Amino acid sequence: MNQLPRIAKLYIVSIIVLAVFFSFFLAINFTMPNVYLLLLFILLSFLTESLTIRFSNEAAVSISFATVFSAIVILGPLGAVISSSLGIMLRYVKTPDGVLRHVFNTPIYKILFNGSMLIIYVGVSSIVYYSFDVRVADPLFYNNFFALFSTIVTYLLINTIIITGLFTLLQNKNFFSLFFSKFLWAIPNLLVIAILGIFISLLYLHYGVLIMLLFFAPLLFARHSFQLYVDLKNYYMQTMAALANAVEAKDKYTKGHSERVAFLAEEFGKYIKLNPKQINVLRKAGLLHDIGKIGIDDSILNKPAKLTNQEMLSIKDHPELGVKILKDVNFLKGVHEAILHHHERYDGTGYPHGLSGKQIPFNAAILTVVDAYDAMTSDRAYRSALPLQESIDILKQEAGFQFHPYIAEKFVEMITTTTDEKIINFKQTV
Ligand SMILES: [Fe+2]
């Protein structure tokens, strides 16, 4: 905890203290559930928290809200808070980098902060649920979705405020943009998972514990299938990174270039609000845009002097060679176009087809700008890196000639105004 900023430490301690007081309030005002049921829900909560599927450090899918919601219905506020907070504190999870995290190797402040968050938002949303007269088992409940909706919105609102608050303090990001991106994305997700929670509660209320537990078997199986799908997608990305590394192994001056182009193209796609599918294509195309260089002679790629006309022609083959290499890889069909045309120029004097203006596919035109920016700000065989400001000036001067004017303008805007730590760090390393 020592390495955290002072304000973040204060924030974490405040949340923990607030959770302690709130626990006393709940213990005084609500009854303790049956101890066996409570133990069962601690176990279910531990399992669903441990089986969270992580895509990255920021994105994860979990069915733990189904357990939390059924705990609210079956155990009441106090039981829901105890089972869900213990479940998250004791969880056993694999991080995206493959490290297993559990109660014995996680800093105590993180465990307490996680548990405290759940005490607060599960506790408050339980109180909201019980403030309505209708219950999940009543047919009337389904005539009044306001009860369900209010419980979910309260849960999500407090959850997002606490987490976004911490991220804002740690990463210096804008609270509101972070808040809305997380909050709006999560509402439909939680509504669907709440239906599972209702189903679990109804099974318990009508058929008892054993039938309720039977329901977890297909749920865990579905989770397993989804994990396989996520793993497979990760293997695809790793294969692409390996291909990109194969190009860079031939050319020592382009080390990390493909990864940087992929990162910046993806960030730029988000900046101009492209749809997730197109952003995904940009990331893949960024990683693989120079894959065709595998087929070009090393002595040409690493030549520290000016290239002859013949050598230049050979280099200019790499976009078409790249597409030939990838043509049979089905899941990369969408990126061919961007790879093929990433050296076209807006004024029509580029290669391989001499396309101009709007004839150039938009993704390819994005790669052209990002590729040029990274090339200018990195050392090459024949020159050292240009200063950041000079690279930005060239992007501006070449808008409408080499570069698509809108893309060049927006890219310069992103680079010069961003508050995103990752892009700022990237700028500082160039
Ligand atoms: Fe290229």
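Owing to the predicted nature of the structure, the values given are computational and were not obtained by experimental measurement.

Cut-off values and rules
Counting from 1, residues in each chain are numbered in the order their sequence is written. For this predicted model, a pLDDT threshold of at least 70 governs which residues receive local features, and a threshold of 80 or more governs which side-chain atom pairs are given and counted, while totals over whole chains, interfaces and linings are taken from all residues. To obtain the side-chain values, all non-hydrogen atoms of the structure were used and water was disregarded. In this analysis a donor is any N, O or S atom within 2.8 Å of a metal ion (3.2 Å for sodium, potassium and calcium), and since water is not included, sites may seem incomplete. Geometry is assigned from the angles between donors: four donors with all angles from 85 to 135 degrees make a tetrahedral site, four or six donors whose opposite pairs exceed 155 degrees while the rest stay between 65 and 115 make square planar or octahedral sites respectively, and everything else is labelled irregular. Numbering of helices and strands starts at the N terminus; helices are DSSP runs of H or I of at least 4 residues and strands are runs of E of at least 2. In this scheme, a residue with accessible area under 20% of its type's maximum is buried, one over 50% is exposed, and one in between is partly exposed, where area comes from a 1.4 Å probe on protein chains only. Only Phe, Tyr and Trp rings are paired, with Trp represented by its six-membered ring, and only when their centres lie within 6.5 Å; those with planes under 30 degrees apart are stacked, over 60 edge-to-face, the remainder tilted. Lines are fitted to the C-alpha atoms to define the axes, a helix being fitted only along its stretch in contact, and any angle between axes, read from their N-to-C directions, falls within 0 to 180 degrees. An angle below 35 degrees is read as roughly parallel, one above 145 as roughly antiparallel, one from 65 to 115 as roughly perpendicular, and any other as oblique. By the definition used in this description, the sense in which the near helix is turned from the far one sets the handedness, with an anticlockwise turn below a right angle giving left-handed and a clockwise turn giving right-handed. For this classification, the nonpolar set comprises Ala, Val, Leu, Ile, Met, Phe, Trp, Tyr, Cys and Pro, the charged set comprises Asp, Glu, Lys and Arg, and every other residue, Gly included, is treated as polar.

Q: Just checking my understanding: could you explain the coordination of the iron ion for this structure?
A: Ideal donor angles around a metal are set by the shape: a four-donor tetrahedron calls for 109.5 degrees, a six-donor octahedron for 90 or 180 degrees. On the protein side, the iron ion has Asp290 (OD), His318 (NE2), His342 (NE2) and His343 (NE2) as donor atoms, found 2.1 to 2.3 Å from it. Around the iron ion sit 4 donor atoms; with metal-centred angles ranging over 84 to 173 degrees, the donor geometry is irregular. All donors to the iron ion come from one chain, and their sequence spacing reads D-x27-H-x23-H-H. Remark: histidine 318 occurs in helix 12 (residues 318-326) and aspartate 290 occurs in the loop between helix 9 (276-288) and helix 10 (298-301); sequence separation between them is 28 residues. By the burial criterion, aspartate 290 is buried, and histidine 318 matches it.

Q: Please clarify how the environment of asparagine 159 should be interpreted in this entry.
A: Of note, asparagine 159 is situated in helix 5 (residues 145-171). For asparagine 159, a relative accessible area of 14% gives the class buried. Linking asparagine 159 and methionine 117, residues 42 residues apart in sequence, is a C-alpha distance of 7.1 Å.

Q: I would appreciate a short explanation of the packing of aromatic side chains in the present structure.
A: Given two aromatic rings, one states the distance between the centres and the angle between the planes to describe the pair. By the definition in use, this model includes 10 aromatic pairs. When the centroid spacing of 4.4 Å and the interplanar angle of 55 degrees are considered together, the rings of phenylalanine 65 and tyrosine 155 count as tilted. Within this pair, whereas phenylalanine 65 is found in helix 3 (residues 64-90), its partner tyrosine 155 is found in helix 5, the two being separated by 90 residues in sequence. As far as the burial class goes, phenylalanine 65 and tyrosine 155 line up, both buried. Ring centres 4.9 Å apart and planes at 80 degrees place the aromatic pair tyrosine 121 and tyrosine 155 in the edge-to-face group. On the criterion of sequence distance, the pair formed by tyrosine 121 in helix 4 (residues 108-130) and tyrosine 155 in helix 5 is long-range, its members being 34 residues apart. Tyrosine 121 gets classed as buried once you look at its relative accessible area, which sits at 5%.

Q: When you look at the packing of helix 2 (residues 35-50) against helix 3 in this model, what are you seeing that I'm missing?
A: Angle between the axes and distance between the axes are the two parameters that describe a pair of packed helices. The N-to-C vectors of helix 2 and helix 3 enclose an angle of 55 degrees; their axes lie 7 Å apart at closest approach. The angle between the axes of helix 2 and helix 3 places the two elements in the oblique class. Read as a crossing pair, helix 2 and helix 3 show a hand that is right-handed. Each residue belonging to the contact of helix 2 with helix 3 can be placed in one class, and the counts come to 13 nonpolar, 9 polar and 1 charged.

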